[in-house]
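Descriptive structure summary
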Amino acid sequence: MYRVFIKSFLDRLFALVVLLVAAPILLLLITLLAIANSGKPFFTQPRVGYRNRIFRVVKFKTMNDKKDTHGNLLPDAVRLTPVGKFVRSTSLDELPQLWNVLIGDMSLVGPRPLLIEYLPLYSPEQARRHHVMPGITGWAQVNGRNAISWQKKFELDVWYVQHQSFWLDLKIIFLTVKKVFVREGISADGHATMEKFTGN
């Protein structure tokens, strides 16, 4: 009952309330990021969701599009703007994903939606992470986020799939709030963001 009906209803209700209450903050961030990123405050990208369905995730754009002399994007650490660094470190870049929750692409809690290019790289066990809706936050995010290995992250994702419940979701939300305040696990060692998954 919870997984099929109640979770979806609570997700959308929460997303709607937060979007309305946080509207002034969202408008301020949109303005600052538009200035920092040449009029582009949002970043959208195709991601893999429930049962491998492809959707476009929406986030605040924290990096500019500067390129080298050969037309290649500069490293993430170089393109991360000052305001983008703050937005990322406080996890405010995730706020626009509440829109994804509102329209049914995502849940508040679940495995993070990842790149399409990773699909053929998963083991059958790792692919089970797509048996539930992807989330803004999840069990892997409150147990290391980008500071843990991909293999450990997938183990935590599958564990969540097997143990999903209202009380677990509530625990993850409270732990997420704590993580945001102490700013833990924002980046992988030696990287401004998480390094790409290249297979097992």
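Okay, so let's go over this structure. (Residues numbered from 1 in each chain as written. Predicted model: local features only at pLDDT ≥ 70, side-chain atom pairs only at ≥ 80, totals over all residues. Heavy atoms only, no water.)

Across its full length, the chain carries seven helices and four strands. Counted from the first residue to the last, the chain has its helices and strands arranged as α-α-β-β-α-α-α-β-β-α-α. Based on the C-alpha atoms only, the size of the chain along its principal axes is roughly 50 × 40 × 30 Å. By residue count, 46% of the 200 residues in the chain fall in the buried class. Long-range contacts, defined here as pairs at least 24 residues apart, represent 69% of the contacts in the chain between residues at least 6 apart. (Helix = DSSP H or I, 4+ residues; strand = E, 2+ residues; numbered from the N terminus. Buried < 20%, exposed > 50% of the residue type's maximum accessible area, 1.4 Å probe, protein only. Contact = heavy atoms within 4.5 Å.)

Attention shifts here to the side chain of Ser91. Within the fold, Ser91 resides in the loop between α4 (82-89) and α5 (97-102). We classify Ser91 as buried; its relative accessible area is 14%. With sequence-adjacent residues up to four places away left out, Ser91 is seen in contact with Arg145 and Val180.

Moving on: the packing of helix α6 (residues 150-163) against helix α7 (residues 166-182). Two elements in contact, α6 and α7, have axes separated by 9 Å at closest approach and are oriented at 140°. One finds that α6 runs oblique with respect to α7. Here Trp159, Tyr160 and His163 of α6 lie close against α7, whose contacting residues are Leu168, Asp169 and Ile172. Here the residues of the contact of α6 with α7 are counted per class, giving four nonpolar, one polar and one charged. (Axes fitted to C-alpha atoms, helices over the stretch in contact; angles between N-to-C directions. Parallel < 35°, antiparallel > 145°, perpendicular 65-115°, else oblique. Nonpolar A, V, L, I, M, F, W, Y, C, P; charged D, E, K, R; others polar.)

Taken as a whole, the second largest pocket holds about 260 Å³ of empty space. Forming the boundary of the second largest pocket are 14 residues, of which Arg3, Lys7, Ser8, Ser107 and Met133 lie nearest the centre. For the lining of the second largest pocket, the element with the most residues is helix α1 (residues 2-21), which contributes five residues. By residue class, the composition of the lining of the second largest pocket is five nonpolar, five polar and four charged. (1 Å grid on protein atoms, 1.4 Å probe; cavity = no way out; pocket = protein on both sides within 12 Å on 5 of 7 lines; lining within 4 Å. Points joined across faces, edges and corners; volume = space filled by probe spheres on them.)

Here we take up unusual backbone geometry. Phi is positive for Ser38, which is not a glycine, with a value near 55°. Among the secondary structure elements, Ser38 is positioned in the loop between α2 (23-36) and β1 (42-48). Residue classification places Ser38 among the exposed positions, given a relative accessible area of 68%. In this structure, Ser91 takes a positive phi of about 65° despite not being glycine.

Interpretation in functional terms is not warranted from these geometric data alone.
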